[in-house]
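A look at the structure
Listed below are the residues making up each chain.
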Amino acid sequence: MRILMVAAELAPLVKVGGLADVAGALSRELGRRGHQVRVVLPLYGHLDRQRLDIRPVAKLPPMAVRLGAGMHDIRWHLAGSGRGAVKIYLVEAELFARAGVYTDLLGRGFVDSLARAALHCQAALLLPRLLEWPVDVVHAHDAQAAPALVLRRELWAARPLPGPAAGVLTIHNLAHQEIHDPAQVALLGLPSTLAVYPGLLEFHGRLNLMKGGILAADRLNTVSPTYARETTGSPEFGRGLEQVLGSRGAHYLGILNGGEYETWDPRRDPHLIARYGAGDLAGKARCREALARELGLDAPAGRPVCGFVGRLVDQKGIDLLLPLLDRLAGDGFCFAVLGTGDPALEKAMAAAAGRNPRRVAFVGGFDEGLAHRIYAGSDLFLMPSLFEPCGLSQLYALRYGTPPVVRRTGGLADTVVDAPDEPGAGTDGGTGFVFAEPRSEALLGALRRAERAFAAPAVWAGLQDRGMACEFGWSRSAAAYEKMYAEAVAEAQGRLRHDP
Ligand code: ADP
Ligand code: GLC
């Protein structure tokens, strides 16, 4: 199949969170399975063109794209050699020529995010025509790419696009829906009726890109079966879109993300001081020592080092963790925290580190290498998320022999099996520690259970072994995407026959 991926992030080029990992890994896996994939990304101002080998595409001329009343000049670039099954196109434009994907360096959201999304999506839809490439599926990721599906449906229906160009939406996070002033619909080049009830984009009198994508897609999914159920089941998870999602019935699926084990493998991770694998964890002990040294932690043997790598936002349950830090640090626990996001949470975490200098280390920022060293060098990995569409960090932690402590929600519930509490029962199952209530006490309870298991070496080794043996690779998930693509194409072809 020929698949056009539209996403705001793609690892390893540009990454804020898991969306980048997924868009990258899924594209590569589809390529390995014989599909042709073209990815379209904005050429953000902070991307290092030389290091990433980003070059203009000679055969595609500069062109102008209309957004509302204005014209925007764009130039096409390619990353890497441009050979192989996955080609990554980047759109250069004034609107993207600054540092940041969604926010500036101070974490302030861009006010022109709708215009950026509109330009990215308009450009993406031009590509199949420019390349004379008959596209089977336009696969949009999250709200920023959702306009590609609305435009395809409403604007491009009348224009010839080579191939059926079926629309597929993957929802990575319903907390970000891109909600705007309805007057801005003009920027998308779409009729204003679409932003007025009962228009596709209308949402409580506002314009909602995610909603438009959900309704315009031939098929859609989110990134775990549990989050799919949660988001149709209650406003808490559906964020107001629960009924819209429910209206898609069986066309809305939960497909679990995979972990890209080529990149996330302690046996050959170039970021680690020592490599290790199941059955030989000596290297992990060296990684632990090195991490403690790097972060200035005094990590007593026999007391767990707890790692956290993630966006410091409400979603991640940082508020459950913060009140426990002083007490657990007093008990000899160590914490290695890497994250950036909400300035108030960063400040609170930095303050906890300040109060517990040898026990709590906080690095505010984005650091790919340190992330790998934390997955490897920690004993436990913390993910007390309030909601978690899938979560990749827990998959990496499992592979690195670092049992995760997670809340039972979304993809965490689908990937971590709670370990039984009784000493000696560790061989019976379990890969981590799961708690249910979104309260600090519940997280503390799970950490105390982990502490007891950690004190029993045989129990602990069993936990690590089972975690490292978990297979959340991409092949199964990619097969589920292939099936969804085939259904979407059949749907689009049917529509084209009825409404050519
Ligand atoms: P989310 O997509 O909600 O951020 P995931 O668990 O799906 O959560 O994916 C997070 C990804 O981003 C992981 O690859 C994680 O290692 C990475 N990550 C998050 N914050 C940082 C950071 N500050 N530095 C390096 N990597 C980070
Ligand atoms: C989102 C979610 C996360 C998921 C990731 C990739 O950012 O918060 O749970 O793993 O997307 O799908």
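Nothing here was measured: the structure is a model prediction, and the numbers come from that model.

Glancing now at the environment of Arg98. Relative to the assigned elements, Arg98 resides in the loop between strand S6 (86-92) and helix H2 (113-131). Here the alpha-carbon distance between Arg98 and Gly45, two residues 53 residues apart in the chain, equals 4.1 Å. Separated by 2.5 Å, the side chains of Arg98 and Asp112 make a polar contact.

Okay, the site of ligand 1 next. Neighbouring ligand 1 are 22 residues; Gly18, Arg311, Lys316, Gly365 and Tyr375 lie closest to it. In the model, an oxygen atom of ligand 1 is placed 2.7 Å from a nitrogen or oxygen of the Tyr375 side chain. A distance of 3.2 Å separates an oxygen atom of ligand 1 from a polar atom in the backbone of Ser393. Against a free-state accessible area of 560 Å², the protein chains account for coverage of 95% of ligand 1.

Turning our attention to the site of ligand 2. For ligand 2, the set of nearby residues contains 14 residues, the closest of which are His172, Asn257, Glu388, Cys390 and Gly391. For ligand 2, an oxygen atom lies 3.3 Å from a polar atom in the side chain of Asn173. For ligand 2, an oxygen atom lies 2.7 Å from a polar atom in the backbone of Gly391. Looking at the shell around ligand 2 element by element, the count peaks at three residues for helix H1 (residues 18-32). Residues of the shell around ligand 2, tallied by class, amount to six nonpolar, six polar and two charged. When residues are assigned to domains, the shell around ligand 2 turns out to be shared by domain 1 (2-258 + 475-498) and domain 2 (282-472), each giving three or more.

Further remarks concern the nonpolar core. In this structure, Leu90, Tyr375 and Tyr485 are the most contacted members of the largest nonpolar core, which totals 75 residues. If one sorts the elements of this core by residue count, helix H18 (residues 474-498) sits on top with eight residues. Shared between two domains, this core takes at least three residues from each, and those domains are domain 1 (2-258 + 475-498) and domain 2 (282-472). With residues up to four places along the chain from it excluded, the contact list for Tyr375 reads Trp264, Lys284, Val309, Phe381, Ser393, Tyr396, Ala397, Tyr400 and Thr402. Counting residues in hydrophobic clusters, the runner-up holds 68 residues, among them Phe96, Ala123, Leu151 and Leu200.

Reading across from one edge, S9-S11-S10 is the order of the three strands in this open sheet, with antiparallel pairing throughout. Looking at the sheet topology across the chains shown, the edges are occupied by strand S9 (179-180) and strand S10 (202-203). Where S9 meets strand S11 (residues 206-208), two bridges bridge the pair, whose relative direction is antiparallel. Across the sheet, residue His180 finds its bridge partner in S11, namely Leu207. Sitting on the sheet, helix H5 (residues 209-216) touches S10 and S11, and the angle it makes with S11 is about 55°.

Turning next to the pattern of salt bridges. The final tally for this structure, using the stated rule, is 28 salt bridges. In this structure, Asp104 and Arg108 form a salt bridge, with 2.8 Å as the shortest nitrogen-oxygen distance. Here Arg108 falls in the exposed class, since its relative accessible area comes to 52%. Notably, a salt bridge pairs Asp265 with Arg267, separated by 3.2 Å at the nearest N-O pair. Take Asp265: its relative accessible area is 3%, and that puts it in the buried class.

Domain boundaries assigned for the chain yield domain 1 (2-258 + 475-498) and domain 2 (282-472). Placing a centre on the C-alpha atoms of domain 1 and another on those of domain 2 gives a separation of 33 Å. At the interface, 21 residues of domain 1 touch 20 residues of domain 2. Summed over both sides, the interface between domain 1 and domain 2 buries roughly 1500 Å², with carbon and sulfur atoms accounting for 57% of that surface. Broken down residue by residue, the surface that domain 1 buries against domain 2 is led by Lys15, Leu256 and Gly258, which jointly contribute 25%. Remark: the boundary between domain 1 and domain 2 carries one salt bridge. Between Glu368 and Lys15 there is a salt bridge, and its shortest N-O distance comes to 3.7 Å.

Rules and cut-offs
- Residues numbered from 1 in each chain as written.
- Chains lettered and ligands numbered in written order.
- Predicted model: local features only at pLDDT ≥ 70, side-chain atom pairs only at ≥ 80, totals over all residues.
- Heavy atoms only, no water.
- Helix = DSSP H or I, 4+ residues; strand = E, 2+ residues; numbered from the N terminus.
- Polar contact = N/O pair within 3.5 Å; in protein donor to acceptor, adjacent residues only side chain to side chain.
- Near = heavy atom within 4 Å.
- Areas by Shrake-Rupley, 256 points an atom, 1.4 Å probe, with all protein chains shown as cover.
- Nonpolar A, V, L, I, M, F, W, Y, C, P; charged D, E, K, R; others polar.
- Domains from an automatic or database assignment.
- Core = buried A, V, L, I, M, F, W, Y, C linked by side-chain atoms within 4.5 Å.
- Buried < 20%, exposed > 50% of the residue type's maximum accessible area, 1.4 Å probe, protein only.
- Contact = heavy atoms within 4.5 Å.
- Pairing = 2+ DSSP bridges.
- Axes fitted to C-alpha atoms, helices over the stretch in contact; angles between N-to-C directions.
- Salt bridge = Lys/Arg side-chain N within 4 Å of Asp/Glu carboxyl O.
- Buried area = accessible area lost by both parts, 1.4 Å probe.

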